[in-house]
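Residues per chain, in single letters:
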Amino acid sequence: YGNPIGLQRLIESLIKTCTTDWRAFIICNPHPDAEQARQVGILYQSIERHLGVKVKLIHPKDNIGYVGAVNRILSECETEYIAYCDHDVIHHTQGWDELMASTLDRFHELGIIFPNGGAYPIPKAMYTEILWGVGCNWMLPRRVASEVGGFDPEIGHHEEVDYQTRLRLKGYRIAALPQIGVQHMAVASNDPASQDRISK
């Protein structure tokens, strides 16, 4: 939404770093600026042309926002693992998706896993347990998403922290893999209009 350059960089980083048999769902929320919408449309056509069936573009009639987009992805995905990326994320670690998936394969106590790090880290042998992680990029098993449900649309911001609390209440642990490097531009979080909305 409103960041075609960020989305282009994200897709390029996925192509360069992903090693699993991945597929992308891109939620195309409508944008009020006609020129911005036109540029994004051209980008989507380019992505679809170059990646073919690897990408499914989803065009909601109304802007469903971040939570609506996440919940749509959770409902659309049919694979064993679901990964989410903000549109302003760049992956720097080759095979990050395989590292996350293989960790979830081995440790069924984990409900969700993050790159980089997280709050209040407790180093374990194969991962770092955390209280919560930043919601710009994560992966979870589809069975966990089916059990816990979707993000809460009533909160307004940091819904992923609420979601992680719900995971913990179900008995799951939350982990990070600090060896996976992901850069987050935080375009929306740093926008004054977004900060004003969040504060309200």
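Throughout, a residue's number is its position along its own chain's written sequence, starting from 1. Totals for whole chains, interfaces and linings use all residues, but because this is a predicted model, local features are given only for residues with pLDDT of at least 70 and pairs of side-chain atoms are given and counted only at 80 or more. Only hydrogens and water are set aside when side-chain values are computed; all heavy atoms of the structure are taken into account.

Undergrad: Give me the lowdown on a nonpolar patch on the surface, citing residues and values where you can.
TA: Here, patches come from residues exposed beyond 30% relative accessible area and free of salt bridges, joined within 9 Å for like charges and within 5 Å for nonpolar side chains (Val, Leu, Ile, Met, Phe, Trp, Tyr). The Shrake-Rupley method, run with a 1.4 Å probe, gives the accessible areas here. Residue values count only the displayed protein chains as cover. One side-chain nitrogen of Lys or Arg within 4 Å of one carboxyl oxygen of Asp or Glu is enough to make a salt bridge. A contiguous nonpolar patch, built from Tyr120, Leu131, Trp132 and Val134 and spanning about 430 Å² of accessible area, is present on the exposed surface. Tracing the backbone shows Trp132 in the loop between β7 (128-129) and β8 (137-141). Partly exposed describes any residue whose relative accessible area lies between the buried limit of under 20% and the exposed limit of over 50%, with all areas from a 1.4 Å probe on protein chains only and scaled to the type maximum. Judged by its relative accessible area of 34%, Trp132 falls in the partly exposed class. A run of H or I in DSSP counts as a helix once it spans at least four residues, and a run of E counts as a strand once it spans at least two, with each numbered from the N terminus.

Undergrad: Give a detailed account of the environment of Trp138, specifying residues and quantitative values.
TA: Mapped onto the elements, Trp138 comes out in strand β8. Residue class for Trp138 comes out buried when judged on its relative accessible area of 2%. The contact definition used throughout considers only heavy atoms, calling two residues in contact when any of these lie within 4.5 Å. When near neighbours in sequence (up to four residues on either side) are disregarded, Trp138 contacts Val70, Leu74, Ile82, Ala83, Tyr84, Ile112, Ile113, Phe114 and Phe151.

Undergrad: Kindly report on the pairing of strand β9 (residues 173-177), identifying the contributing residues and their values.
TA: Across the five residues that make up β9, a large majority, four, are buried. With five bridges joining them, strand β5 (residues 110-115) and β9 adopt parallel strand pairing. Of the residues in β9, the one forming a bridge with Pro115 is Leu177. Two strands qualify as a pair provided DSSP detects at least 2 bridges between them. Where β7 and β9 come together, two bridges link them in antiparallel fashion. Residue pairing for β9: Glu129 is matched across the bridge by Ala175.

Undergrad: An account of the packing of aromatic side chains is needed here, citing residue identities and associated values.
TA: Here a Phe, Tyr or Trp ring, Trp counted by its six-membered ring, pairs with any other such ring whose centre lies within 6.5 Å, and the pair is stacked when the planes are under 30 degrees apart, edge-to-face when over 60, and tilted otherwise. According to the stated counting rule, one finds six aromatic pairs in the structure shown. Consider the rings of Tyr66 and Tyr84, whose centres lie 5.9 Å apart with planes at 65°: the pair is edge-to-face. Of this pair, Tyr66 sits in helix α3 (residues 65-76) while Tyr84 is found in strand β3 (residues 81-85), placing the two residues 18 residues apart along the sequence. Classification of Tyr84 by relative accessible area gives buried; the value is 9%.

Undergrad: Give me the nonpolar core: which residues, what numbers.
TA: The nonpolar side chains of a soluble globular protein tend to be buried, and buried together. Here, the term nonpolar core denotes a set of buried Ala, Val, Leu, Ile, Met, Phe, Trp, Tyr and Cys residues that are joined through side-chain atoms within 4.5 Å. The biggest cluster of nonpolar side chains holds 32 residues, and the ones touching the most others in it are Leu7, Ile26, Ile47, Ile113 and Met139. When contributions to this core are tallied by element, the ones reaching two or more residues are α1 (4-17), β1 (24-27), α2 (34-51), β2 (55-58), α4 (96-106), β5 and β9. Top element by residues in this core is α2. It accounts for five residues. Once residues within four sequence positions are removed from consideration, Ile26 is found in contact with Leu7, Ile11, Tyr44, Ile47, Val55, Lys56, Leu57 and Ile58. Membership of the second largest hydrophobic core comes to 25 residues, among which are Leu74, Ile130, Val148 and Tyr163.

Undergrad: Residues and numbers for the packing of α1 against α2, please.
TA: Interaxial angles span 0 to 180 degrees and are taken between N-to-C directions of axes, which are lines fitted to C-alpha atoms, for helices over the stretch in contact. Relative to each other, α1 and α2 sit at 15°, their axes nearing to 10 Å. The angle between α1 and α2 places the two elements in the roughly parallel class. Of the two elements, α1 crosses α2, and the hand of that crossing is right-handed. Contacts between α1 and α2 pair Pro4, Leu7, Gln8, Ile11 and Ile15 from the former with Gln36, Gln39, Val40, Leu43, Tyr44, Ile47 and Leu51 from the latter. Polar here means any residue other than Ala, Val, Leu, Ile, Met, Phe, Trp, Tyr, Cys and Pro, which are nonpolar, and Asp, Glu, Lys and Arg, which are charged; Gly is therefore polar. Residues that form the contact of α1 with α2 fall into these classes: nine nonpolar, three polar and no charged. The labels follow the angle: roughly parallel below 35 degrees, roughly antiparallel above 145, roughly perpendicular from 65 to 115, and oblique for the rest. By the definition used in this description, the sense in which the near helix is turned from the far one sets the handedness, with an anticlockwise turn below a right angle giving left-handed and a clockwise turn giving right-handed.

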